[in-house]
Structures are given as C-alpha cells and as structure tokens.
Amino acid sequence: MKKICTLMLLATVMAAPAYAGSAKVSWQEPEKFTDIRPTNESKIGFQERVIKEFDRMFADLAKKLPEGYEWDITVTDVDLAGDVRPFFSPMVNDIRVIKELYWPRMSFRFDLKDEQGKTVASGTEDVKDMNFLMRMGVASGHTSFQYEEQMLRDWFSKQQKQKIFPTR
C-alpha cells in the first residue's frame, strides 16, 4: 500500500504543470483576413476553429519562455496554406488545393513582457513560409494547420536563437 501511495504521489508531482510564460492572443477583424475560408464547414464554425487552434499554438510556444513572462499577440491577418477552390458537384463541397504557390502567411503585432511587466521585445511581423512543402515531418500534429504551426515554430525558434526572446 505504501508503494502505491508513493507511486501516486510521484505521478502527481510529475504531472504538475511546468511554470512557464503565457500568451494572450487577440484577433483583429478575422472576418477580413486574406484566407480563413472553409471547405466543408460553416464559415463561422471554421473561423472559430482557426482561432482556437492558433490560440493553442501560441500558448504552446509561450511555454518555452521563462516563468512569469507574458506574450501579447494581436493577429492582423492570416492566409492559410493552399487555396479554396469550388468543386462543382452537389455531393462534394469546395476543396483546399495545396501547392507551392499558396504558402502560409500570417501578420501580427506582439509585446513580450518579463515577470516585472517590463517590455523586453515588441514588433510587427509578417511571417511566411515559401518552402512549406519541402519539409520532412511537419510540426507536431496537434492542429489541423500543420504548415502554419511549423511556420510559427520556426519563427519563434529564430527569435530565441537571436536572443530576442529568452529561453527557459
């Protein structure tokens, strides 16, 4: 019984969340974004899903920041990888065509504050990945937007390598 209790306590400690940075994402007029067009779901439902999954992407990236850091992001435009094309059939919805020509892009403003609330980095970014189809093994697979997720991971990693964003 003592071993079981010890194992349960150890599992609880190991499962406890690691202290890290946090992200707060706001979306500036997503209905006017370049491309968050759905193929087989409602426009509002797809937009909500895009926002939810991108919020999660930013939150996952913020976990790589030191404890107490807050990363405020305002997304101003999204252009998802691919292009939505009509499919002229009553049985099939529109389709998203993925080609080298339609790379993912995203524009946002950010402000990164340390644990005292002092701004350590801020800026406006227009991130794009023109080589998104040339990669082997893309992103984490946690979202439906693997190309955009990898693009953001690469951008974030570059910020940390250049010492613009601190590491944990």
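That block above? That's the structure.
*Asks:* Would you mind showing me how to read the pattern of salt bridges here?
*Replies:* Evaluated as defined, the whole model comprises eight salt bridges. With a shortest N-O distance of 3.5 Å, Asp-60 and Lys-63 are connected by a salt bridge. Owing to a relative accessible area of 22%, Asp-60 belongs among the partly exposed residues under this scheme. Judged by its relative accessible area of 47%, Lys-63 falls in the partly exposed class.

*Asks:* Would you mind showing me how to read the packing of helix α2 (residues 43–62) against helix α3 (residues 146–161) here?
*Replies:* Between two packed helices, what matters for the description is the angle formed by their axes and the separation of those axes. Orientation of α2 relative to α3, taken along the N-to-C sense of each, is 30°, at an axis distance of 11 Å. Of the possible angle classes, the one that applies to α2 and α3 is roughly parallel. Relative to α3, the crossing made by α2 is right-handed. Residues Phe-54, Met-57, Phe-58 and Leu-61 of α2 form the contact with α3, whose participating residues are Glu-148, Glu-149, Leu-152, Arg-153 and Phe-156.

*Asks:* Could you clarify how one ought to interpret the packing of aromatic side chains in this entry?
*Replies:* The geometry of an aromatic ring pair comes down to the distance between the two centres and the angle between the two planes. As enumerated under the stated definition, the model contains 16 aromatic pairs in all. Between Phe-108 and Phe-110, the aromatic rings sit 6.5 Å apart at their centres with planes inclined by 55°, giving tilted as the arrangement. Of the residues examined, Phe-110 reaches a relative accessible area of 6% and is grouped as buried. Among the aromatic residues, ring-to-ring pairing joins Phe-58, Trp-71, Phe-108, Phe-110, Trp-155, Phe-156 and Phe-165 into one connected group.

*Asks:* Even after reading the chapter, I still don't get the side chain of Ser-107, so can you show me in this structure?
*Replies:* Of note, Ser-107 is situated in strand β5 (residues 105–113). Ignoring anything within four residues of it in the chain, the contact list for Ser-107 reads Thr-74, Val-75, Thr-76, Asp-77, Glu-125 and Asp-126.

*Asks:* So what exactly am I meant to see when it comes to the sheet that holds strand β2 (residues 70–79) here?
*Replies:* Two pairing modes exist for strands in a sheet, parallel and antiparallel, and in both the strands are linked by backbone hydrogen bonds. The four strands are arranged β1-β2-β5-β6 in an open sheet whose pairing can be described as mixed. What marks the edges here is a single partner per strand, and that holds for β1 (22–27) and β6 (119–128). Within the sheet, the average angular offset between the axes of one strand and its neighbour, ignoring direction, is 15°. Of the pairings in the sheet, the one linking β5 to β6 comprises nine bridges and is antiparallel in character. What sits directly across from Phe-108, in β6, is Glu-125. Those strands touched by α2 are β1, β2 and β5, and its axis lies near 150° from that of β1. The strands touched by α3 are β2, β5 and β6; relative to β5, the strand with the most contacts, the crossing angle is about 40°.

*Asks:* Looking at this structure, how should I read the environment of Lys-52?
*Replies:* Tracing the chain through its elements places Lys-52 in helix α2. Of the residues examined, Lys-52 reaches a relative accessible area of 58% and is grouped as exposed. Expressed as a C-alpha distance, the spacing of Lys-52 and Thr-143, which sit 91 residues apart in the sequence, is 9.7 Å.

*Asks:* What exactly am I supposed to notice about unusual backbone geometry here?
*Replies:* With the exception of glycine, the majority of residues adopt a negative phi angle, and the majority of peptide bonds are in the trans configuration. Phi angles above zero are rare outside glycine, and Glu-29 is one such case at about 50°. Following the sequence through the fold, Glu-29 ends up in the loop between β1 and α2. The backbone of Lys-163 sits at a positive phi, close to 65°, despite the residue not being glycine. Secondary-structure assignment places Lys-163 in the segment after α3.

Rules used in this analysis
Residues numbered from 1 in each chain as written. Predicted model: local features only at pLDDT ≥ 70, side-chain atom pairs only at ≥ 80, totals over all residues. Heavy atoms only, no water. Salt bridge = Lys/Arg side-chain N within 4 Å of Asp/Glu carboxyl O. Buried < 20%, exposed > 50% of the residue type's maximum accessible area, 1.4 Å probe, protein only. Axes fitted to C-alpha atoms, helices over the stretch in contact; angles between N-to-C directions. Helix = DSSP H or I, 4+ residues; strand = E, 2+ residues; numbered from the N terminus. Parallel < 35°, antiparallel > 145°, perpendicular 65-115°, else oblique. Left-handed = near helix turned anticlockwise from the far one by under 90°. Contact = heavy atoms within 4.5 Å. Phe/Tyr/Trp six-rings, centres within 6.5 Å; stacked < 30°, edge-to-face > 60°. Pairing = 2+ DSSP bridges.

Such coordinate-based values are descriptive only and should not be taken to indicate function.
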